[in-house]
Amino acid sequence: MVKTLKSKFMFLLLLVFFSVNLYSQENYIEYQRGITKAENLMLDSMYKESIEQFRMVLDNYSFNFPRDCIMAAQISAYIGDDNSLYHFLKKAVRFGVHIDYINSRKLYSKYHKYPWWGNFINRDYDSLRNEYIKGVNWEYKALCDKYRNIDRIIRDKDQKWYRNEYIVLRWDIRNDWIKANEKYISEVDSLIDIYGFPSYRIIGVEDSTTLHISKYKYLGCSQFNIIYNHYCSRKKCREDKFQKHLSKLLEEVKKGNLSARDYARIMEINYRYSKKYKNKTSLYYVWYEPTLNPTDVYPNEEEINKRREEIGLSNCYYERKRKRAALMGGFEFWYFDF
């Protein structure tokens, strides 16, 4: 009996060890490379291969970004692959997508009368949703939601009569805004070392009642990204002071705490408001609204591609195809996340 208990204990110990070791080896830049390959296959109209690639990546990582799950679901619905659609929608819910968001998309409406949809709603949804809720750090989320709301309130005071962030009507309010963002970044910076960057994996999707957004109709998680971006755009000569906060973000991408696209956006905005910026140069993209023509070439595109590929993102050619698919093909790509 003692030997049996001891054997079971050793087995559980080994199981925990291998599980921890497995997760510690997960590199989310490789995850992003896999997702990029899946998206590019879709952009080349290789839909079945794209779905297979999505399934391989998403099934082999302990955390999936909900937008990737929904992207895979869209492709599955587009070609009528019911089994894959069911599989990816369950994953989407597990990682934070609310049923109201899914029901609001016409792409899935025809499936509501299918037998498996009843299983999805009545059997799977609640347990998957509860699993997601248990994984969210709600205190951390509430803190970031609070800072995001204060950021919005201060910004809107300045833009009350003329809503344009480039026109400063009240410098006293604008300075309060910059100081507030600086304070929030410093406070959360220490929490990043403990819990990780506050994004999808740590604080979930932006459907909390503590944040003033269109509830359940959005798959974003930019509460703290926006604080970074606002501070970047107004920091003027604070580059050295802000750099220490930026330097730890790449590790957060590798851990899956920050998406590669959100990282690229933060670094891009920081660069564009730095002294190093030159007109029409870029770290990760040139201009915020790239042309719809995939064959166009941007200034310093070779350098941009190299940096993008280092964090797992597609090259500029496929990014232009990505925009075309979003604006002309009806796919929800969340393009402007970069």
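Residues numbered from 1 in each chain as written. Predicted model: local features only at pLDDT ≥ 70, side-chain atom pairs only at ≥ 80, totals over all residues. Heavy atoms only, no water.

Some details on unusual backbone geometry
- One non-glycine residue, serine 45, lies in the positive phi region at around 65°.
- Inspection of the secondary structure puts serine 45 in the loop between helix 2 (28–43) and helix 3 (47–59). (Helix = DSSP H or I, 4+ residues; strand = E, 2+ residues; numbered from the N terminus.)

Focus on helix 2
- The end-to-end C-alpha distance of helix 2, which contains 16 residues, comes to 22 Å, matching closely the 22 Å that a straight helix rising 1.5 Å per residue would cover.
- Among the 16 residues of helix 2, 13 are classified as buried, and the element is accordingly described as predominantly covered.
- Where helix 2 begins, the capping side chain belongs to asparagine 27, and its oxygen is found 2.8 Å from the backbone nitrogen of isoleucine 29.
- Looking one or two residues past helix 2, serine 45 carries a phi angle of roughly 65°, positive in sign. (Expected span 1.5 Å × (residues − 1). Buried < 20%, exposed > 50% of the residue type's maximum accessible area, 1.4 Å probe, protein only. Polar contact = N/O pair within 3.5 Å; in protein donor to acceptor, adjacent residues only side chain to side chain.)

A closer look at the packing of helix 4 (residues 66–79) against helix 5 (residues 82–94)
- Where helix 4 meets helix 5, the closest approach of the two axes is 8 Å, and the angle between their N-to-C directions is 160°. As far as their axial angle goes, helix 5 and helix 4 are roughly antiparallel. Helix 5 is crossed by helix 4, and the crossing has left-handed handedness. For the pair helix 4 and helix 5, contact is made by Cys69, Ile70, Ala72, Ala73, Ser76 and Ala77 and by Ser84, Leu85, Phe88, Leu89, Lys91 and Ala92, respectively. (Axes fitted to C-alpha atoms, helices over the stretch in contact; angles between N-to-C directions. Parallel < 35°, antiparallel > 145°, perpendicular 65-115°, else oblique. Left-handed = near helix turned anticlockwise from the far one by under 90°. Contact = heavy atoms within 4.5 Å.)

Let's talk about the environment of glutamate 251
- In this fold, glutamate 251 is placed in helix 13 (residues 249–255).
- As for glutamate 251 and asparagine 27, which are separated by 224 residues in sequence, their C-alpha atoms are 9.7 Å apart.

Details of the packing of aromatic side chains
- In the structure shown here, the tally under the stated rule is 24 aromatic pairs.
- Arranged with centres 6.4 Å apart and planes meeting at 85°, the rings of tyrosine 86 and phenylalanine 120 form a pair that is edge-to-face. Linking tyrosine 86 in helix 5 with phenylalanine 120 in helix 7 (residues 115–135), this pair joins segments that are 34 residues apart in sequence. In this structure, tyrosine 86 and phenylalanine 120 share a single accessibility class: buried.
- With a centroid separation of 5.8 Å and an interplanar angle of 45°, the aromatic rings of tyrosine 111 and tryptophan 116 are classed as tilted.
- Within the aromatic cluster, the residues linked to one another by ring pairs are Tyr28, Tyr31, Tyr61, Phe63, Phe65, Phe95 and Tyr200. (Phe/Tyr/Trp six-rings, centres within 6.5 Å; stacked < 30°, edge-to-face > 60°.)

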